[in-house]
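Observations on the model geometry
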Amino acid sequence: MASHPTSPVIPDPSLSRPVQSVDSHPKLFHSLHQEHSSVLSLAADADCIYTGSQDGQISVWDKATFKLKAVLRGHTGSVLALEYAPDKHWLFSASGDSTIRVWNTRNHAPLYLLHPHLETDSGDLFSLVWCPPLQTIYFGCQNTSLQWFSFTFPTLEHASFGVSVPSDGSIHSGTSTPTSTSRKAHKFFDSYPQYTRRPADLNARNPTCASCLPTSVSLTLPTAASRDFSAPPPEGCVQGDRVKPPLAVLQVPPENVIFSAHYGYVYCMALLPSNREGSDDPFFEDAHDGSLQLVTGSGDSTVKLWKLPYGKSQDSTPQLLHTFDCGAGAVLALTVRGDTVFAGCQDGLVKVWDLETRTLVRTLLVVENVDILSMSMLHSDLYVCSANGDIQRWSASFDLVGSWRGHEGIILSSVITRIPSSDAEQREEKFTLVTGGNDDMIKVWEVVPPVANRHAMSELSGLGSNTDISKSINDILVYALTKFVAIPSVSNSPVHKEDCRQAAIWLRKCFTQLGAEASLLPTGETTNPLVLATFHGTRTTPNRPRILFYGHYDVISARPNGWTSDPFTLTGRNGYLYGRGATDNKGPIMAVACAAADLLARRALGVDLVLLIEGEEEAGSGGFVETVKRHKDAIGPIDSILVSNSTWIAEDTPCITYGLRGVVHCNVEIYNDGPDLHSGVDGGSAREPMLDMVKLLGTLTDEKNRIAIPNFYDSVRPITEEERQLYKVLSSVTQTPASLLAARWREPSLTVHNVEVSGPRNSTVIPSKVKAHISVRIVPDQDLESIASSVQEHLKTEFRRMQSPNRLNVTIDQTADWWIGNLDDPWFYALENAVKDEWGVEPLRIREGGSIPSIPYLEKEFSCHALHLPLGQSTDQAHLPDERISLSNLRRGKRVVERFLANVASTPAPSPMQPPAA
């Protein structure tokens, strides 16, 4: 049984180059075992590490000895978040019991108990952020609200719960406060099973959701005189079960609540500039008025940016500035650096947002289909902790530079902190990454900040003085093309049907990681999907131009014969990259996508770039037109179309293509109902279909090789004197006669491609059926439908004259209209100038004899002009063995696209396309 060729394994979609050494993960400095339960939250100060557990306790570990120093008790639900306030020496803890507790980190004594507004109606409290300039704690709730409480003197002085406040704004004593017995029964949390038919009351309340103190604790609050804050905690703090009461119970006032801040649980938040240990953001003292911002992440798949109050309006409501839609499930973790926000999402994606331009800079594919629950920053290095127990380190240039198994379970929390060095000669403290998981383990990893980027403010966003994003993007360009070429996406082969689908899926993920919003558009049951991706330009720029780039990810077959290397393994030799699709059309696609990603990283993308990549171009573009029409709203308005699907006419001089011929593909069949005959037996006695076919094809051209179809040349646009001079110039460059260039590019032609016969195809058989395939290339201003009709009519008329007993069948297989660009279009000049600025020479204006059906269609569909930028050289061998593209052309072509997009952003939009001149 014949075996089908096996396809290579579809490459991993991650664009990060593999870690050079799998053994280069950080040293495990120490391990701690939390006996109680999972480590849900982490915080650290100069002396201790704090771990919040599922059973409501907070363990305090000494950094010097790694011994358990204390256990803080009070919560009756899981400790979901911890936040250290270094300026106050306070530890905030948020819990599933709907309370926040404040602890003194000097003696680990409880200070305050903070109830959210509506108490238990707020549900679990998932996230905390302390803002030192405002002396305010912000927290996110299960009921989708954002709440805050300010620990400033005016706020506490006018509080309604009777707390005595000295002039320094701190609470040293308190009186009785509203207790748990004063609250109303909650109809959900205090309910009984429905079958009992009993009304809700406090005795039915679920203890895991408790938000109040035990009665013995709440009825009387101790005075400051009865407590010694300077004394170390007693041993009973570790082992004892006694819950120490706080100094005061506080309540969030109703005006300090934003209801429905999200449409999902508020899982995470972060402050800008970052005040986390390990951050290289500027100090808060350097933050000017209005620069304090808060970002929140939610189960509704969005990240929201809030402007915090400043000056005397410290209790005013944060103002919503922008909503970022991650489109990747719940946002479970957030971390920030400079003006860059990293959002860890479900399914293993990290969305990288630039706050200044409000654009998606990149999407990092960490581990597919594995949730990201915690992230930490050490200067420009991002540490990502996943639910499968893995930890990854990503550099400022979005490269995966470290990966290791951290826990035998889900990693739930992480924090960067310094650990005193154990070396007496080394006085500097070490940076460590502390991680906690559901394996009841706390692990301390010794990590080193990136030295090269230590003084860069925000290299990720392109602000750092040491930034070289382009070098990184160039590396990604070749690396991504290597993976792209490895997928044998041959569209006209049923054997590679699944490979084409996988190529579309891979390309969508690739575009997503480069910073685009990408999706697949189905074209039909038997055809391959379109890939639609949009790189959004600077959101702060209104009325941005919108450019549509058209390309195709499918390739033609590549038989091993004639290839020096495997056609589906990108191979570099002598400055060229060899592989099927390298120049047609996978190389140009990656160059354009990386150009947009580079501009995004440098906050310089002033346009919206829409990529529309089909998978059926080499097989007739089946379903393309219908799919574009169906999804035109998703594609959006388009101002201009860019294509890169051809080559230069020489090796060293760049070109811009401004014209293509159209084509009509026609199938001709002559047949009879009889069987195939033997020429030695029936030759001469039967009217042979092959002879009829030869005669019929002969009527298509005259003795001068001109097409003999009546009125065929009537609409051909005459050549102008300017065009003649252009051909002379091109003739001197290519050493090709000008008449031959004109014949290839601007004159019609007819070709007989093949003739097929029924039967065994040997020299003794008279076939009963003969098929021929012909094509007619058309030029301006011939009408496509008229030419297709006249070809059919001519063949039928001439066949009737032959009076043959055989029968004729003529069908039009595929058609494509001709295309002529607008040389006076301002964006044509923008493209021409981009080529000139990159290569240092004026580009040649050329036409092509081939056809690209999608260009004239897209022009008509979106009422705009198209531009055609070839990247390859004339010897690139497209469709032939040893197809290649010059590495220099690929990289410089990317820079040409960057220059063009920058030029377009500063050029007025052209007027809508007018019908071509008659």
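Residues numbered from 1 in each chain as written. Predicted model: local features only at pLDDT ≥ 70, side-chain atom pairs only at ≥ 80, totals over all residues. Heavy atoms only, no water.

1. Some points on the overall build of the protein
- Secondary structure assignment for the protein yields 16 helices and 49 strands.
- In the protein, the share of contacts with a sequence separation of at least 24, taken over all contacts with a separation of at least 6, comes to 67%.
- Total accessible area computed for the protein in this model is approximately 38,300 Å², and 50% of it derives from carbon and sulfur atoms. (Helix = DSSP H or I, 4+ residues; strand = E, 2+ residues; numbered from the N terminus. Contact = heavy atoms within 4.5 Å. Areas by Shrake-Rupley, 256 points an atom, 1.4 Å probe, with all protein chains shown as cover.)

2. Thoughts on the nonpolar core
- Counting 70 residues, the largest nonpolar core has Leu507, Phe511, Phe535 and Phe900 as the members making the most contacts within it.
- With 11 residues, helix H6 (residues 586-601) is the single largest residue contributor to this core.
- Apart from residues no more than four positions distant in its own chain, phenylalanine 900 is found in contact with Ile547, Leu642, Trp827, Ala830, Leu831, Ala834 and Leu867.
- Ranked by size, the runner-up nonpolar core spans 26 residues in total, among them Val664, Cys666, Phe712 and Ile787. (Core = buried A, V, L, I, M, F, W, Y, C linked by side-chain atoms within 4.5 Å. Buried < 20%, exposed > 50% of the residue type's maximum accessible area, 1.4 Å probe, protein only.)

3. Describing the packing of aromatic side chains
- Tallying each qualifying case throughout the model produces 24 aromatic pairs.
- For the ring pair tryptophan 90 and tyrosine 112, a centre distance of 5.5 Å and an interplane angle of 80° mean the geometry is edge-to-face. Taken together, the residues span a long stretch of sequence, with tryptophan 90 in strand E7 (residues 90-95) and tyrosine 112 in strand E9 (residues 109-115) at a distance of 22 residues. Residues tryptophan 90 and tyrosine 112 agree in their burial class; the two are buried. (Phe/Tyr/Trp six-rings, centres within 6.5 Å; stacked < 30°, edge-to-face > 60°.)

4. Section: the sheet that holds strand E24 (residues 359-365)
- The antiparallel open sheet is built from four strands, whose spatial order is E21-E22-E23-E24. Two strands bound the open sheet, and with one partner strand each, they are strand E21 (331-337) and E24. Between one strand axis and the next, the sheet turns through 20° on average, direction left out of account.
- Note that strand E23 (residues 349-354) and E24 share six bridges and pair antiparallel. Across the sheet, residue leucine 349 finds its bridge partner in E24, namely leucine 365.
- Contacts from helix H5 (residues 497-513) reach E23 and E24, with the element oriented near 125° to E24. (Pairing = 2+ DSSP bridges. Axes fitted to C-alpha atoms, helices over the stretch in contact; angles between N-to-C directions.)

5. Considerations on the sheet that holds strand E40 (residues 662-671)
- Within the open sheet, the four strands sit side by side as E42-E44-E40-E45. Their pairing is antiparallel. Edge strands, defined here as strands with exactly one partner in the open sheet, are strand E42 (749-757) and strand E45 (807-816). The mean angle between the axes of side-by-side strands here comes to 15°, regardless of whether they run parallel or antiparallel.
- Where E40 and E45 come together, nine bridges link them in antiparallel fashion. Bridging from a neighbouring strand, histidine 665 pairs with glutamine 814 of E45.

6. Quick notes on the packing of helix H10 (residues 689-698) against helix H13 (residues 784-802)
- For the pair H10 and H13, the least separation of the axes is 10 Å and the interaxial angle reads 130°. The angle between H10 and H13 places the two elements in the oblique class. For the crossing formed where H10 meets H13, the hand is right-handed. Across the interface between the two elements, Asp692, Lys695 and Leu696 from H10 touch Leu795, Glu798, Phe799 and Met802 from H13.
- Here the contact of H10 with H13 is composed, by residue class, of four nonpolar, no polar and three charged. (Parallel < 35°, antiparallel > 145°, perpendicular 65-115°, else oblique. Left-handed = near helix turned anticlockwise from the far one by under 90°. Nonpolar A, V, L, I, M, F, W, Y, C, P; charged D, E, K, R; others polar.)

7. Things to note about the environment of glutamate 614
- Considering the arrangement of structural elements, one finds glutamate 614 in strand E37 (residues 608-614).
- For glutamate 614, a relative accessible area of 1% corresponds to the buried category.
- Along the chain, glutamate 614 and glycine 551 lie 63 residues apart, while their C-alpha atoms are 6.5 Å from each other.
- Those residues in contact with glutamate 614 that lie beyond four places of it in its chain are Leu530, Tyr550, Gly551, His552, Tyr553, Asp554, Ser621, Phe624 and Ser854.
- A polar contact is formed between the side chain of glutamate 614 and the backbone nitrogen of glutamate 617, at a distance of 3.5 Å.
- At a separation of 3.4 Å, a polar atom in the side chain of glutamate 614 contacts the side chain of serine 854. (Polar contact = N/O pair within 3.5 Å; in protein donor to acceptor, adjacent residues only side chain to side chain.)

8. Quick word on the environment of serine 413
- Looking at where serine 413 falls in the secondary structure, it is placed in strand E29 (residues 411-419).
- A relative accessible area of 5% places serine 413 in the buried class.
- Put simply, serine 413 and alanine 43 are 370 residues apart on the chain and 9.4 Å apart in space, counted from C-alpha to C-alpha.
- Not counting chain neighbours up to four residues away, the residues in contact with serine 413 comprise Val39, Leu40, Ser41, Leu42, Ser374, Val434, Thr435 and Gly436.

9. Remarks on unusual backbone geometry
- Here the bond from leucine 272 into proline 273 is cis, since omega is -5°, no more than 30 degrees from zero.
- Locating proline 273 in the fold gives a position in the loop between strand E17 (266-272) and strand E18 (293-298).
- With an omega of 15°, the peptide bond running from aspartate 584 to asparagine 585 counts as cis.
- Position of asparagine 585 relative to the elements: it lies in the loop between strand E36 (576-578) and H6.
- If you check the backbone angles, histidine 379 has positive phi at about 55° while not being a glycine.
- Residue placement: histidine 379 occurs in the loop between strand E25 (372-378) and strand E26 (381-386).
- For aspartate 882, which is not a glycine, the phi torsion comes out positive at approximately 60°.
- Within the secondary structure layout, aspartate 882 lies in the loop between strand E48 (866-868) and strand E49 (884-886).
- Looking at aspartate 882, the relative accessible area reads 15%, which means it is buried.

10. Describing the pairing of strand E5 (residues 68-72)
- Inspection of the sheet shows strand E4 (residues 58-62) paired to E5 by four bridges, in the antiparallel sense. Looking across to E5, one finds that valine 60 is bridged to alanine 70.
- Counting the residues that bridge the hairpin from E4 to E5 gives five residues, and of these phenylalanine 66 lies at a positive phi of roughly 55°.

11. Quick look at H6
- Taking 1.5 Å of rise per residue, the 16 residues of H6 would be expected to cover 22 Å, and the 22 Å separating its terminal C-alpha atoms lies within 8% of that figure.
- Where burial is concerned, most of H6 is hidden: 16 out of the 16 residues are buried.
- Looking one or two residues beyond H6, the residue adopting positive phi is arginine 603, at roughly 55°. (Expected span 1.5 Å × (residues − 1).)

12. Observations regarding the state of the cysteines
- Counting across every chain of the model gives zero disulfides.
- Not part of a disulfide, cysteine 345 finds its nearest cysteine sulfur in cysteine 326, a span of 4.3 Å.
- We classify cysteine 345 as buried; its relative accessible area is 0%. (Disulfide = S-S within 2.5 Å.)

Bear in mind that shape data such as this cannot, by itself, settle questions of function.
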